[in-house]
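Report on the structure
The primary structure of each chain is shown beneath.
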Amino acid sequence: MRLLISAALLTLTMLAAQAADKEKPATLPEPPPPVKNYKAQPAPVAQQQDAGALPEPEVTITTKGADRHEEYRMGGRLYMVKVIPKKGRPYYLVDKEGRGEFVQDDLQSDIKPPMWIIKRF
């Protein structure tokens, strides 16, 4: 019985494959002729500022004592100061709400994943 069902399925698949081959056209249609005197459009000249590009901040570098300060302004408003001390790590003073109140920030997210040592090799 299994042999009979297997033979019938094999025969049906072969007939279906033959029918699909007959439906396909023998040759592909001819491609359209090439366009005569075609001139490619020149690439558009990039304007000074693209519509999707973000504006660049103005950076002013000053030295106060042994520290170096980099002031970042956008549209004339001071929004961040990077303080680079002579000794130690640089830190940032950021105006988060735009009111002129600067808060020390390390510009990293507050989420710190656990980094426990499970095994050393």
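Read on for a plain summary of the structure. (Residues numbered from 1 in each chain as written. Predicted model: local features only at pLDDT ≥ 70, side-chain atom pairs only at ≥ 80, totals over all residues. Heavy atoms only, no water.)

1. What to know about the pattern of salt bridges
Counted under the stated rule, the structure contains 4 salt bridges. Across the pair Arg99 and Glu101 runs a salt bridge, and its minimum N-O distance is 3.2 Å. What makes Arg99 exposed here is its relative accessible area of 56%. Via salt bridges that share partners, Glu97, Arg99 and Glu101 belong to a single interconnected network. (Salt bridge = Lys/Arg side-chain N within 4 Å of Asp/Glu carboxyl O. Buried < 20%, exposed > 50% of the residue type's maximum accessible area, 1.4 Å probe, protein only.)

2. Observations concerning a nonpolar patch on the surface
A cluster of nonpolar residues, Met1, Leu4, Ile5, Leu9, Leu12 and Leu15, forms a patch on the protein surface that exposes about 690 Å² of accessible area. Mapped onto the secondary structure, Leu15 falls in helix α1 (residues 2–23). (Patch = residues over 30% accessible without salt bridge, like charges linked within 9 Å, V, L, I, M, F, W, Y side chains within 5 Å. Areas by Shrake-Rupley, 256 points an atom, 1.4 Å probe, with all protein chains shown as cover. Helix = DSSP H or I, 4+ residues; strand = E, 2+ residues; numbered from the N terminus.)

3. A closer look at the sheet that holds strand β1 (residues 58–64)
Strand order across the open sheet formed by 5 strands is β1-β2-β3-β4-β5, with antiparallel pairing between neighbours. The two strands at the open ends of the sheet, each matched to only one other strand, are β1 and β5 (103–105). Strand-to-strand twist across the sheet, computed as the mean angle between neighbouring axes with direction ignored, equals 25°. (Pairing = 2+ DSSP bridges. Axes fitted to C-alpha atoms, helices over the stretch in contact; angles between N-to-C directions.)

None of this, on its own, says anything about what the molecule does.
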